[in-house]
Amino acid sequence: MSAEVHFDENCHQTRWLGCFDLLGTRQLINTGNYIGIFCVYARAVEEAKRRTEKWAKIRHTCFSDTFLIYSEDDSASDFAAMDMVARWFVHFLIMARIPVRGAVACGDFFADCEHSLYFGKALVEAYEYGEAQDRLGYLLCPSAVARLDAVGLSADARLNYAYSDVPFAEGKEPANAIKRLPGCLLGRWVMINGENQCLSRLREMMGESKDARIVRKYKNTIEFVENNPRRLVNRDSAK
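Residues numbered from 1 in each chain as written. Predicted model: local features only at pLDDT ≥ 70, side-chain atom pairs only at ≥ 80, totals over all residues. Heavy atoms only, no water.

Draft legend 1. Examining the side chain of Asp78 more closely. Counting through the fold element by element, Asp78 comes out in helix H3 (residues 76–95). The buried category is assigned to Asp78, whose relative accessible area is 2%. Only 3.2 Å separates the side chain of Asp78 from the side chain of Lys57, close enough to count as a polar contact. With residues up to four places along the chain from it excluded, the contact list for Asp78 reads Trp16, Lys57, Ile58, Ser71, Glu72 and Asp73. (Helix = DSSP H or I, 4+ residues; strand = E, 2+ residues; numbered from the N terminus. Buried < 20%, exposed > 50% of the residue type's maximum accessible area, 1.4 Å probe, protein only. Polar contact = N/O pair within 3.5 Å; in protein donor to acceptor, adjacent residues only side chain to side chain. Contact = heavy atoms within 4.5 Å.)

In structure tokens:
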């Protein structure tokens, strides 16, 4: 008989949490292409493991096409680690032609790895904002922006993020949503000969789709990155 599951207060912490969803997996499943879907999932699992194992205080878990990446606490140093992991995780998936979308929040999150129990306000917020945006990549949720201000790492000063009006999908905007938030400028930190490799890949993937809804997601993503050069952002001018 297995041991009973007990509440462990050490699992309940205020943390940085990224929630990321792989897109297009439903269509693959419907085609019956299980080798294809396995390859997509395996690549994402390998990438999450490769990214998080380099940082002692960052963990990850996944279920189906949803990946959670979270820290031990809500410190400035843990955000720095989360930032590195999240940016490269999303970057390499897109370069592998795997569309991904998500959000990073900061708040209460219960993580019991031994019993695979995960829940909390941070997860609800990250899921809602990530699921609602009509583009790829990820954004920083209101709770993450507030915590960054509190620890002296204002989102304004993050070179790889820029404020914009989030393009929410119709009918999915979170209740009382803040509509202007910092999004990750995909590929801006790894330009090669002045070319953003991530943008090039996104254009290729957009050109291969005949679905107007999917094309719109790619277009929104590309326009966001193109319209925001890698520079400091003044929040006052962004409001």
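Moving on from the model shown.
Draft legend 2. Fine view of the pairing of strand S1 (residues 12–22). Burial runs high along S1: 8 of the 11 residues are buried. As paired strands, S1 and strand S4 (residues 100–112) are joined by 11 bridges and run antiparallel to one another. When the sheet's bridge partners are listed, Thr14 is paired in S4 with Asp108. Where S1 and strand S3 (residues 66–71) come together, 5 bridges link them in antiparallel fashion. Across the sheet, residue Cys19 finds its bridge partner in S3, namely Leu68. (Pairing = 2+ DSSP bridges.)

Draft legend 3. Geometry of the pattern of salt bridges. A complete count under the given rule lists 19 salt bridges for this structure. Glu131 serves as the salt-bridge partner of Lys172, at 3.4 Å between the closest nitrogen and oxygen. Of this pair, Lys172 sits in the loop between strand S7 (161–165) and strand S8 (180–184) while Glu131 sits in helix H4 (residues 121–132), and the two are 41 residues apart along the sequence. Residues joined in a network through salt bridges with shared partners are Arg43, Glu47, Arg50 and Arg51. (Salt bridge = Lys/Arg side-chain N within 4 Å of Asp/Glu carboxyl O.)

Draft legend 4. Representation of H4 in the model. With 12 residues, H4 should cover 16 Å at 1.5 Å per step; its first-to-last C-alpha distance of 17 Å lies within 8% of that length. Looking only at H4, the buried set comprises Ala122, Leu123, Glu125, Ala126, Tyr129, Gly130 and Ala132. (Expected span 1.5 Å × (residues − 1).)

Draft legend 5. Representation of the packing of H3 against helix H6 (residues 197–207). For the pair H3 and H6, interaxial distance at closest approach is 9 Å and the crossing angle is 45°. Between H3 and H6, the interaxial angle falls into the category oblique. Crossing angle aside, the handedness with which H3 passes H6 is left-handed. Residues His91, Ile94 and Met95 of H3 lie in contact with H6, whose contacting residues are Gln197, Cys198, Arg201, Leu202 and Met205. Its residues assigned to classes, the contact of H3 with H6 comprises 5 nonpolar, 2 polar and 1 charged. (Axes fitted to C-alpha atoms, helices over the stretch in contact; angles between N-to-C directions. Parallel < 35°, antiparallel > 145°, perpendicular 65-115°, else oblique. Left-handed = near helix turned anticlockwise from the far one by under 90°. Nonpolar A, V, L, I, M, F, W, Y, C, P; charged D, E, K, R; others polar.)

Draft legend 6. Geometry of the side chain of Asn228. For Asn228, the location among the structural elements is in the loop between helix H7 (212–226) and helix H8 (235–238). Here Phe224 takes part through its backbone oxygen, which lies 2.7 Å from a polar atom of the side chain of Asn228. Leave out the neighbours within four places in its chain, and Asn228 touches Ala162, Tyr163, Leu185 and Arg188.

Draft legend 7. Just the packing of aromatic side chains, in detail. What the rule picks out here adds up to 13 aromatic pairs. Both rings, one in Phe20 and one in Tyr138, keep their centres 5.7 Å apart while their planes meet at 85°; by these two values the pair is edge-to-face. Here Phe20 is found in strand S1, whereas its partner Tyr138 is found in strand S6 (residues 137–140), with 118 residues between them in sequence. The ring of Phe92 has Arg50 lying over it, and the distance from NZ or CZ to the ring centre is 5.3 Å. (Phe/Tyr/Trp six-rings, centres within 6.5 Å; stacked < 30°, edge-to-face > 60°. Lys NZ or Arg CZ within 6 Å of the ring centre and 35° of its normal.)

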